[in-house]
Amino acid sequence: MPTTSTNSLPIEAIGLQRTFGTGDEQVKAVDGVDLQIQQGEIFGFLGPNGAGKSTTVRMLTTLLRPTGGIGRVAGFDVVEQANDVRRNIGVALQDAAIDPLMTGSELLHLQAVLYGLPKSTHATKAGELLERVGLTAAGNRRVGTYSGGMRRRLDLALSLIHEPTVLFLDEPTTGLDPMSRISLWEEIRRLNNDGTTVMLTTQYLEEADQLTERIAIIDHGVIVRKGRPSELKAEVGSPTLFVSVDAAATEPATTLLAGFGELRPSPEGTLGVGLTDGPSAVSNVIRTLDDAGITVRNLELHEPSLDDVFAEATGYRLEGADA
Amino acid sequence: MTTAPTTTAGPAPRTRPELHQSNVAQTWAMSKRSILALWRQPALVVPSMIFPLFFAALGTASFSRATAIPGFPEVDSYLDFALAGAIVQGILFGSTVGATALATDIENGFFDRLLSSPSTRSGIIVGRMAGGMAYGFLQTVVFIAVLLPFGLTIKGGVPGVITMAIGGTVLALAVGALMSAMAIRTGSSEAVQGAFPLLFIALFFSSAFFPRETMSGIYARLADINPISYLVEGFRDLTIEGFTWSAAFRAVVIPAILAVLTVTLSLRTLKRRLGAR
Amino acid sequence: MTIVDETTGLPERSVANTRTFPASVGLMKRSMVNIVRLPSAFVPSLVMPIFQTIAFAGTFFAITQIPGFPTDRSINWFLPLGVIMGSGFAGIGIGFATIRDLEGGFYDRLRLTPAPRASLIVGPLLSALVRSFIVTTVVFAVGSLFGARLTHGPSGLIPLYLAGLGIASIGTGWGLGLAYRFRDMRAAAIMQLTFFLLIFLTEAQTPLSVMEGWLEHVARINPFNQVIGLARLGFLDQPMTWNETWTGLLALVVIVALTMVFARRGLDKLSDE
């Protein structure tokens, strides 16, 4: 195995770029992304759909050639040393694309062959992994008969066959029921405790809050926030007040609320404002609206959450996020 | 229902348009839809135009000397002989397109919506097939028009061409109805396309590409009992011998008899489908 | 569980280089699974060449009466054509399966492995060769029942099998190359149509000496004509000599090489989209 530079990072991107198309129709999907992910970290990679998340991950996992910048994974260049990168990473894919005609056990064997594991280890390895993800009983059934959650767990097992040091998980829990989600979280923590560095893309901010030590938010191909969730929340600072008023009063209410702080993205049918003076300003808000003859239908005060960080950074609130 | 001025108190009833029961208008609307569908999806119909012409051209270049084989009818060129087979081949292939569309209508529920509207059942079926019939007519005329500059001669003249066009139209109805029965029965576009090779087999075990007189053994016997042989030979005699009532009869009446059988079959299949629910 | 490598600061890994051959065999096995588990795809690919052989031999039964025709059995003339069509579609079937893998995303999983890129092509190719072998054997067996005879003894089977395997490789290379470039079912239509045209614009139906006009000119320069000639060597009344053989073999080698390069380039291009 080629040696790598001393103390290289498990995942590193320097000015990573990807453009699609040519001429006037050229689109910059990823426009100079810098990432430094530390050894043993669980790193969350967030962003709205189409922001460049998947494109970045596809470049770091050697599936897509960058059009600019440098990507290094496990100390190897993703273009020049693609095969060394592949040997060191595990990737669980978003749509859990698995051949429905094969059985779980056959797929694990194929994966072991393709990773060049010694033949004598194939059977034990496959058995261990099936047990680890709770699919021992289903191992000899065709994948076509699996449920969505089972496929996701098999996909994780497939990505672990060669004991990767760096694991990419692309929206691993999307579409899973809460129980399956929590058991997958436990598995991710366990892998992390064993020394595996994890880069996790997710739509669920709660998931990022629960699992990750640091996050980066990408929007329009550019990293817009980076840091520990706690630090980022503190940066947002003021709590958010969501106010619902009658539709007719939306406009005057918006003007009045702007006097209490910056307006923030809010769920449908409500107005959001970051209270510069903190929670104590709530009573003033009610009084001001009341004086203007606007009836307050509902009122909610939220301490800064990752959702607020995300909304402030991208202007979106993710669907299903707890506002 | 018609609207009438109301004298009672309370909210005035909504005015509703008058609903006429016009079979002709409904059938026409359905026909227009199926014809448009063919027009708008050239990728589906082009192969059934190109392939028969390609094979006619290929055969003419390959089998020109075969016309001297004992048992081969007297022809100026293999092209004259091949026209009938090309027309029937094109119509068999083209007719699956409409039936596949019908099966897709069933798959996505549009067919049920049609059935729940006050249209007549036969209007739905005939309308569906009208596109196929128009296309069968078009194929016959186009094949003749395209091949004429390449040395095709039609001994039957204008009456022969008209007879073939009618025969082609009726054949398209006959095959379209057969495939539609299949579509209604299975409700699966895949099954309809899967039945396509059966038409291919029926075509090959006939005299569509070579005269029955030159075949031998079981193969010759299969071609002898295959109605497609007689139908093709009707078209072919109109081309290579001239207009005779015997040839015209085979070119039109055989597909007509087939059409009566297959349309009946498709209507009965539809009735069974409705009865089953 | 993990030991940290002192030089890299990363956990030490010891995964050997994956070698091309075992990886190819693994992928071949995966590709063969379809034969047993997706019979609706495999059975037609076996039945169609049999049907084609019988239908052509029966319909055009009399063409051997044309003066100068190189055999007096129509089944001898059309059996090798059936083998060529069946083997070619065995290869093109690999293209179809790969389109499904690309559309479904399974192909990403294969590309993520460190298996040598060549094995992603060689694996499916091996499975196409196995399919071609099955098709050739079955078509020959059924054709023999319908009266096909090897005019130069069993050695006539060698060029038949070689031509079948070669056409299967061409179908695979062409099919994979198009699948990689289009990544959807458009590729399937193109591979079928082009293959069909190239096979029929040859001596597929009658020998050059019998043809007239444009087809003779096209067939004369169409390299696939040499391949069909190779397949027919053992079934004709003319002598089976090296002179007749080498052009067919050369045509096969050249076209196989070109289509494999086409496939390999296409595979590399997948990382650009």
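These numbers were taken from a predicted model, which means no experiment stands behind them. (Residues numbered from 1 in each chain as written. Chains lettered and ligands numbered in written order. Predicted model: local features only at pLDDT ≥ 70, side-chain atom pairs only at ≥ 80, totals over all residues. Heavy atoms only, no water.)

Peer 1: Give me the lowdown on the overall build of chain A, citing residues and values where you can.
Peer 2: Across its full length, chain A holds 11 helices and 14 strands. The principal-axis extent of the C-alpha atoms belonging to chain A is close to 80 × 45 × 40 Å. Put simply, chain A has 323 residues, and 55% of those count as buried. In chain A, 68% of the contacts between residues at least 6 apart in sequence involve partners at least 24 apart. Carbon and sulfur atoms make up 48% of the accessible area of chain A, which amounts to about 13,800 Å² in all. Within chain A, one finds 28 positive and 43 negative side-chain charges whose respective centroids are separated by 7 Å. (Helix = DSSP H or I, 4+ residues; strand = E, 2+ residues; numbered from the N terminus. Buried < 20%, exposed > 50% of the residue type's maximum accessible area, 1.4 Å probe, protein only. Contact = heavy atoms within 4.5 Å. Areas by Shrake-Rupley, 256 points an atom, 1.4 Å probe, with all protein chains shown as cover. Lys, Arg positive; Asp, Glu negative; His and termini not counted. Charge placed at Lys NZ, Arg CZ, Asp CG, Glu CD.)

Peer 1: Kindly report on helix H6 (residues 157-186) of chain B, identifying the contributing residues and their values.
Peer 2: With 30 residues, H6(B) extends 43 Å between its outermost C-alpha atoms, agreeing within 8% with the 44 Å of an ideal straight helix rising 1.5 Å per residue. Just downstream of H6(B) lies B:Gly187, where phi reads positive at about 60°. (Expected span 1.5 Å × (residues − 1).)

Peer 1: With reference to specific residues and values, describe the packing of aromatic side chains.
Peer 2: Two numbers describe a pair of aromatic rings. These are the distance of the centres and the angle of the planes. Within this structure, the stated rule accounts for 34 aromatic pairs over all chains. With a centroid separation of 6.4 Å and an interplanar angle of 45°, the aromatic rings of B:Tyr78 and B:Phe210 are classed as tilted. Of this pair, B:Tyr78 sits in helix H3 (residues 78-107) while B:Phe210 sits in the loop between helix H7 (189-204) and helix H8 (217-225), and the two are 132 residues apart along the sequence. Like B:Phe210, B:Tyr78 is buried. With 5.2 Å between their ring centres and 80° between their planes, B:Phe243 and B:Trp245 make a pair best called edge-to-face. Stacked on the ring of B:Phe81, the Lys or Arg B:Arg236 has its end atom at 3.6 Å from the ring centre. Sitting over the ring of C:Phe262, C:Arg181 keeps its end group 3.9 Å from the ring centre. (Phe/Tyr/Trp six-rings, centres within 6.5 Å; stacked < 30°, edge-to-face > 60°. Lys NZ or Arg CZ within 6 Å of the ring centre and 35° of its normal.)

Peer 1: Lay out the interface of chain C and chain B in plain terms, naming residues and giving numbers.
Peer 2: Contact residues are listed per partner, giving 26 residues for chain C and 25 residues for chain B. For the chain C and chain B pair, buried surface summed over both sides reaches about 2,400 Å², with 75% attributable to carbon and sulfur atoms. Linking chain C to chain B there are 0 salt bridges. Along the contact surface separating chain C from chain B lie 7 residue pairs in polar contact (both at pLDDT 80 or more). Only helix H2 (39-59), helix H7 (186-200) and helix H8 (214-221) of chain C provide two or more residues apiece to the side of chain C that touches chain B. Broken down by element, the residue count for the side of chain C that touches chain B peaks at 7 residues, all from H2(C). When the residues that make up the side of chain C that touches chain B are grouped by side-chain class, the tally is 19 nonpolar, 6 polar and 1 charged. (Buried area = accessible area lost by both parts, 1.4 Å probe. Salt bridge = Lys/Arg side-chain N within 4 Å of Asp/Glu carboxyl O. Polar contact = N/O pair within 3.5 Å; in protein donor to acceptor, adjacent residues only side chain to side chain. Nonpolar A, V, L, I, M, F, W, Y, C, P; charged D, E, K, R; others polar.)

Peer 1: Mind laying out the arrangement of the chains, listing which residues take part and the relevant values?
Peer 2: The highest contact count of any of the 2 pairs of chains in contact belongs to chains A and C. At their nearest point, the C-alpha atoms of chain A and chain B are still 20 Å apart, with no contact between the two.

Peer 1: Break down the environment of B:Gly156 for me, citing the residues and quoting the values.
Peer 2: All names here are of chain B. Note that Gly156 resides in the loop between helix H5 (121-147) and H6. With relative accessibility at 5%, the residue Gly156 sits in the buried group. In sequence terms Gly156 and Ala248 are 92 residues apart; their C-alpha atoms lie 9.8 Å from each other.

Peer 1: Now, about the confidence of the model for chain B: what can you tell me, with residues and values included?
Peer 2: All names here are of chain B. Of all residues in chain B, 90% attain a pLDDT of 70 or more, and the chain-wide mean is 85. Within chain B, helix H9 (residues 227-240) carries the highest mean pLDDT (95), whereas helix H1 (residues 23-40) carries the lowest (74). Across residues 1-8, confidence stays below pLDDT 50; counting only partners more than four residues off in sequence or on other chains, it has 8 contacts. Note on the complex model: pTM 0.83, ipTM 0.85. (pLDDT = per-residue confidence, 0-100.)

Peer 1: Quick rundown of the pairing of strand S13 (residues 271-274) of chain A? Include the residues and the values.
Peer 2: Residue and element names in this part refer to chain A. By the alternation rule, side chains of S13 split into Leu271 and Val273 and Gly272 and Gly274, which are all buried. The sheet contact formed by strand S12 (residues 263-264) and S13 spans 2 bridges and is antiparallel. Considered in S13, the bridge of Arg264 is made with Gly272. With antiparallel pairing between neighbouring strands as the criterion, S12 and S13 make up a hairpin whose turn holds 6 residues, including Gly269 at a positive phi of roughly 80°. (Pairing = 2+ DSSP bridges.)

Peer 1: Would you mind going over the nonpolar core in detail, with residue names and values included?
Peer 2: By size, the foremost hydrophobic cluster in this structure holds 200 residues, and its most contacted members are B:Tyr78, B:Leu83, B:Phe210, C:Phe60, C:Ile63, C:Ile199 and C:Phe200. Top contributing element to this core by residue count: H3(B), with 17 residues. Core analysis: the second largest hydrophobic core is formed by 30 residues, A:Ile37, A:Phe45, A:Val85 and A:Ile223 among them. (Core = buried A, V, L, I, M, F, W, Y, C linked by side-chain atoms within 4.5 Å.)

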